[in-house]
Amino acid sequence: MSPLSLDLLRTFLAVYRTGSLTAAAQTLGLSQPAVTAQVKALESVLDRPLFDRLARGVAPTPAADELARRVAPSLDSLDEVVESELPSDAAVHLGGPAEFLCEEVMPMLAPLVRSGLRLRTTLGLSDDLLADLAAGRLDLVLSTIRPRVRGVQADPVYDEEFLLVAAPSLALPGTGPRELAGVPLVAYAEDLPIVRRYWRTVFGRRPSMAAQVVIPDLRGVLSAVRAGMGVSVLPAYLCRRDLAAGTLVTLAEPDEAPINTGYLAVRSGALARPAVARVRAHLIEAFRTAPTY
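Computed from a prediction, not measured in an experiment: that's the story for all the values here.

Caption draft 1: The arrangement of the overall build of the chain in detail. Helices and strands together make up the secondary structure of the chain, namely eleven helices and eleven strands. In terms of its C-alpha atoms, the chain occupies a principal-axis envelope of roughly 75 × 45 × 30 Å. Residues classed as buried in the chain amount to 45% of the 293 residues present. Within the chain, contacts between residues separated by at least 24 positions form 72% of all contacts whose residues are at least 6 apart in sequence. The positive charge centre, built from 30 side chains, and the negative charge centre, built from 32, are 2 Å apart in the chain.

Caption draft 2: Representation of the pairing of strand S4 (residues 119-123) in the model. Bridge count between strand S3 (residues 92-96) and S4: five bridges; the pairing is parallel. Opposite His 93, over in S4, you have Arg 120 as the bridge partner.

Caption draft 3: Looking closely at empty space enclosed by the protein. In this structure the tally under the stated criterion is one cavity of 30 Å³ or more. In this structure, the largest cavity encloses a volume near 40 Å³. Lining of the largest cavity is provided by Val 186, Ala 187, Tyr 188, Ala 189, Leu 192, Pro 193, Ile 194, Val 195, Leu 218, Val 221, Ser 232 and Val 233. For the lining of the largest cavity, the secondary structure elements donating two or more residues are strand S7 (186-187), helix H8 (193-203), helix H9 (218-226) and strand S9 (232-235). Sorting elements by how many residues they give to the lining of the largest cavity places H8 first, with three residues. Looking at the lining of the largest cavity, its residues break down into eleven nonpolar, one polar and no charged.

Caption draft 4: Examining the layout of surface pockets more closely. Considered as a void within the structure, the largest pocket measures approximately 670 Å³ in volume. Forming the walls of the largest pocket are 28 residues, and the residues nearest its centre are Leu 125, Thr 144, Glu 160, Tyr 188 and Ile 194. Of all the secondary structure elements, the ones that give two or more residues to the lining of the largest pocket are helix H5 (98-114), helix H6 (126-134), strand S6 (152-166), H8 and S9. At six residues, H8 tops the list of elements feeding residues into the lining of the largest pocket. Classifying every residue of the lining of the largest pocket gives 17 nonpolar, four polar and seven charged.

Caption draft 5: Layout of H8. Every buried residue of H8 is listed here: Ile 194, Val 195, Arg 196, Tyr 198, Trp 199 and Phe 203. In the segment just after H8, Gly 204 is the residue with positive phi, at about 70°.

Caption draft 6: Main features of the pattern of salt bridges. Going through the model one piece at a time under the given rule, you end up with 13 salt bridges. A salt bridge links Arg 137 to Asp 132; its shortest N-O distance comes to 2.8 Å. Salt-bridge contacts for Arg 280 lead to Asp 155; the nearest nitrogen and oxygen are separated by 2.6 Å. Of this pair, Arg 280 sits in helix H11 (residues 274-288) while Asp 155 sits in strand S6, and the two are 125 residues apart along the sequence.

Caption draft 7: Up close: the packing of aromatic side chains. Under the counting rule described, the total for this entry stands at nine aromatic pairs. Seen from their ring centres, Phe 12 and Tyr 16 are 5.8 Å apart, and the 40° between their planes marks the pair as tilted. Highlighted residues: Phe 12 and Tyr 16, both in helix H1 (residues 6-18), separated by four residues, approximately one helical turn. Classification of Phe 12 as buried rests on a relative accessible area of 1%. On the basis of relative accessibility, which here comes to 11%, the residue Tyr 16 falls in the buried class. Measuring from centroid to centroid gives 5.7 Å for Phe 12 and Phe 51, while their planes differ by 40°, and the two rings are tilted.

Caption draft 8: Focus on helix H3 (residues 32-46). Over its 15 residues, H3 runs 21 Å from end to end, which matches the ideal 21 Å to within 8%, given 1.5 Å per residue. Of all the positions in H3, only Val 35, Thr 36, Val 39, Leu 42, Glu 43 and Leu 46 are classed as buried. An end-on view of H3 places all buried positions within 125° of arc, on one side of the element. For H3, the exposed residues lying more than 90 degrees away from the buried face are Pro 33, Lys 40 and Ser 44. Where H3 terminates, the next one or two residues include Asp 47, which has phi positive at roughly 60°.

What counts as what
Residues numbered from 1 in each chain as written. Predicted model: local features only at pLDDT ≥ 70, side-chain atom pairs only at ≥ 80, totals over all residues. Heavy atoms only, no water. Helix = DSSP H or I, 4+ residues; strand = E, 2+ residues; numbered from the N terminus. Buried < 20%, exposed > 50% of the residue type's maximum accessible area, 1.4 Å probe, protein only. Contact = heavy atoms within 4.5 Å. Lys, Arg positive; Asp, Glu negative; His and termini not counted. Charge placed at Lys NZ, Arg CZ, Asp CG, Glu CD. Pairing = 2+ DSSP bridges. 1 Å grid on protein atoms, 1.4 Å probe; cavity = no way out; pocket = protein on both sides within 12 Å on 5 of 7 lines; lining within 4 Å. Points joined across faces, edges and corners; volume = space filled by probe spheres on them. Nonpolar A, V, L, I, M, F, W, Y, C, P; charged D, E, K, R; others polar. Salt bridge = Lys/Arg side-chain N within 4 Å of Asp/Glu carboxyl O. Phe/Tyr/Trp six-rings, centres within 6.5 Å; stacked < 30°, edge-to-face > 60°. Expected span 1.5 Å × (residues − 1). Arc of directions from axis to C-beta.

In structure tokens form, the structure reads like this:
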């Protein structure tokens, strides 16, 4: 067997972790044909297929799973040595949901920024952010889903509670599905992901109404509900000031409100950078002393 080069193994591991030749090419700064050629070269050296081509991306074969198990720790250790030599003022790239990152996480990081931290943020959906994390485009991600991405480790760090809210003018004598059926609904998305979960947990059924207003930003949903456009389900952290001021009221007091767990995810090797390790430790401690959101 010909000796395996580090370049071939690094390319293989990038494809394995991202599940995509295109994403691996972006991570490595190579063209997709170059990545494809390197994977084929490695398969030729090993005399076995490593990936099955899918309509979108690739799936590892058992041989790829075994190779990744054997080479990933050593390559990650080598990357840690390289990462530790980066300038101490290199920016930390953090991703997360727009509303939570802006409303809750930025104030947590203010002390680190004042002491010199350089920070770059990416806002988006958890699936996209975790793919960017595995591909090396992000260092840390706050995810609203449990990460199941190769090369990523995660810790549960916070719980967010969801409330059914409206402006006081829309408060109803009853708050069951029947009373709410004729009230305008403001939602984050057409398929009502947050509303559906609340209805299933609290009322034991799917919501029967469609959204009358759709705003793909929870802060916009909050503003619309505050203005009296309709009812919605929102995370408690986003409503607390309005509830305290009386500009919003809760329409139900369930024995057990729906709660979603958030995770702080980091890519393998990134913790070798002191700045990344510092941000992660700081956030874990901040969340540990914070209330349920």
